[in-house]
Amino acid sequence: MFNRVPGTKDILPGQSEQWQNLERISDKTFSCFNYRHIRTPIIEHAALFSRTLGEATEIVQKQMFLIKKDDEDVYALRPEATASICRAFIENNLDKTQGFVKVWYAGPMFRMERPQKGRLRQFHHIGAEAIGSASPEVDVEIIDLARTLLDNFKISGFTIVINSLGCGQDRKAFSQKLRERLKDKLGSLCEECVARYERNVLRILDCKNERCSAIAEDLVRGHDHLCPDCSAHFNSVKRGLDSLAIPYQVSPRLVRGLDYYTRTVFEFKHSELGSQQDALGAGGRYDGLVQELGGPQTPAIGFAFGVERLLLCQEAAEIKPSPLVFCIPLGDAAVEAVRELVHGLRGQGIRCDGSYESRSLKGAMRRANDLGASTVLILGDNELAAGTVTLKDMASGAQENVSRKDLTARLKVLLSEAQQ
Ligand code: AMP
């Protein structure tokens, strides 16, 4: 017997309806904001990620699922989609044909993590990217979009945290300043932060270790690392959010893990997720990424929510499938008639299932009940001879004889009542 790979999940009937519901809501919400759907491959060249996320990041260092074809060609199962979408943007000349591109996506991502609650090896993102504008209006729109999605998913109790990392130069100068300020505190940092000191010093700011967190608290208080342009950009984003009455907190310690972020970064946190993995989703600007990949200088911003975490925080929603009609043949002659009846009803868009063989009425009714059928149709020798069916309404138990020619109309009335 085989078990699933640790850190992966089967999404079974009964759970998959919640997923489909999220996808339906996403589709509607993104469409309202005029974002169009994009699908990119799950496998990419591994270098796409090491180049863009940063060689020193945890994802690239420890978490990539690599597929080695030969020494030259190493593929990776994508750990995130932003780099893939930028690759697709450049490769398909979308800058020339479409200019400013607003896209959304949903799909599996892969990271070799230690599996725990809210942390999987195959998890799913729903996210968006707006590529081709540096305007702070787009930052506001994308945060508004992410917040609207959560509202539409019926998720409440989240907090939006924002920060600005500044442009590439600001980031570099800020990292240097941090290294100086941390030089004589290295002995007090956790092992991982000591390694981050040289490779990715900004990450020390959002380390969850209590001692590192206390040190970080003292290190940065304001936004004095921002140049005048980046400072003005950040102020415009905050003003925009204020004007839309979108509540947020500013945290100078929010840095996000990846190298490609510039200027605005943000996180949606939810207390339901616990203190270690409290982010429902996150995003930010990546004004240098498209160019880093060989494309034209193209400012951009995006975000992604983790679907598994969204589902952990969603109020249990009752999702009603459309009502089911179940057809039961009594006797061998009726099996054929039921086959044709089911085929005809399905052809008219009615959700319909049936017994494939003639068994006891009691057993077939039990099956109809287990499936949650709202209506049962019984066909035996008498009904065949008379051109009728016996129709049983499962909620009331009422039974009636309906002629075959009136059946569809009668079912439509009953099913629309059952749907309410
Ligand atoms: P990131 O791409 O790391 O910024 O993650 C964005 C969101 O994806 C997080 O806020 C989580 O909701 C989700 N996420 C990231 N990594 C995992 C994981 N290993 N398991 C489940 N969800 C994840």
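Residues numbered from 1 in each chain as written. Predicted model: local features only at pLDDT ≥ 70, side-chain atom pairs only at ≥ 80, totals over all residues. Heavy atoms only, no water.

## Observations concerning the sheet that holds strand 14 (residues 375–379)
Strand pairs in the sheet, formed through backbone hydrogen bonds, run parallel or antiparallel to each other. Within the open sheet, the five strands sit side by side as 13-12-14-15-16. Their pairing is mixed. At either margin of the open sheet sits one strand with a lone partner, and together these are strand 13 (352–354) and strand 16 (399–403). Each adjacent strand pair in this sheet contributes to an overall mean axis angle of 25 degrees, direction not counted. As paired elements, strand 14 and strand 15 (residues 388–393) share four bridges and run antiparallel to each other. Counted as the bridge partner of T375 is D393 from strand 15. Strands in contact with helix 16 (residues 407–419) are strand 12 (325–329), strand 14, strand 15 and strand 16; relative to strand 15, the strand with the most contacts, it is inclined by about 5 degrees. (Pairing = 2+ DSSP bridges. Helix = DSSP H or I, 4+ residues; strand = E, 2+ residues; numbered from the N terminus. Axes fitted to C-alpha atoms, helices over the stretch in contact; angles between N-to-C directions. Contact = heavy atoms within 4.5 Å.)

## Topic: the pattern of salt bridges
Pairing between side chains of opposite charge can happen when their charged atoms approach one another. With the rule as written, the count across this model stands at 22 salt bridges. Among the ionic pairs, K102 bridges to E141, the shortest N-O distance being 2.9 Å. On the criterion of sequence distance, the pair formed by K102 in strand 5 (residues 101–110) and E141 in helix 6 (residues 136–152) is long-range, its members being 39 residues apart. Overall, K102 belongs to the buried group, its relative accessible area being 17%. Taking the relative accessible area as the measure of exposure, E141 reaches 25% and is therefore partly exposed. Here D139 ties to R285 by a salt bridge, and the two come within 2.8 Å at their closest N and O atoms. With D139 in helix 6 and R285 in strand 10 (residues 279–285), the pair connects residues that are 146 residues apart, well separated along the chain. Here D139 matches R285 in class, with each residue buried. (Salt bridge = Lys/Arg side-chain N within 4 Å of Asp/Glu carboxyl O. Buried < 20%, exposed > 50% of the residue type's maximum accessible area, 1.4 Å probe, protein only.)

## Concerning the site of the ligand
Around the ligand sit 14 residues, and of these R111, E113, L120, H125 and R256 come closest. For the ligand, an oxygen atom lies 2.3 Å from a polar atom in the side chain of R256. Here L280 contributes a backbone N or O atom positioned 2.9 Å from an oxygen atom of the ligand. When isolated, the ligand has an accessible area of 490 Å², and the protein chains bury 91% of it. Those elements giving two or more residues to the shell around the ligand turn out to be strand 6 (122–131), strand 10 and strand 11 (300–306). No other element matches the three residues that strand 10 contributes to the shell around the ligand. For the shell around the ligand, the class distribution of residues is five nonpolar, four polar and five charged. (Near = heavy atom within 4 Å. Polar contact = N/O pair within 3.5 Å; in protein donor to acceptor, adjacent residues only side chain to side chain. Areas by Shrake-Rupley, 256 points an atom, 1.4 Å probe, with all protein chains shown as cover. Nonpolar A, V, L, I, M, F, W, Y, C, P; charged D, E, K, R; others polar.)

## Observations regarding the environment of V402
Inspection of the secondary structure assignment puts V402 in strand 16. When the C-alpha positions of V402 and T388 are compared, they lie 5.4 Å apart, and in sequence the two are 14 residues distant. Beyond its immediate chain neighbours, meaning those up to four positions away, V402 contacts T388, V389, L391, L407 and R410.

## Here's the deal with the packing of aromatic side chains
This structure, assessed with the given rule, holds eight aromatic pairs. An angle of 40 degrees between the planes, with centres 5.8 Å apart, marks the rings of F158 and F268 as tilted. Linking F158 in strand 7 (residues 158–164) with F268 in strand 9 (residues 262–270), this pair joins segments that are 110 residues apart in sequence. Of the two residues examined, F158 and F268, each falls in the buried class. Aromatic rings pair up to connect F158, F266, F268, F303 and F305 into one cluster. (Phe/Tyr/Trp six-rings, centres within 6.5 Å; stacked < 30°, edge-to-face > 60°.)

## A few points about the packing of helix 1 (residues 16–32) against helix 6
For any two helices packed against each other, one specifies the inter-axial angle together with the distance between the axes. Where helix 1 contacts helix 6, the axes come no closer than 10 Å and their chain directions differ by 140 degrees. Between helix 1 and helix 6 the crossing geometry is right-handed. Residues I25, S26, T29 and F30 of helix 1 form the contact with helix 6, whose participating residues are L145, T148, L149 and N152. Its residues assigned to classes, the contact of helix 1 with helix 6 shows four nonpolar, four polar and no charged. (Left-handed = near helix turned anticlockwise from the far one by under 90°.)

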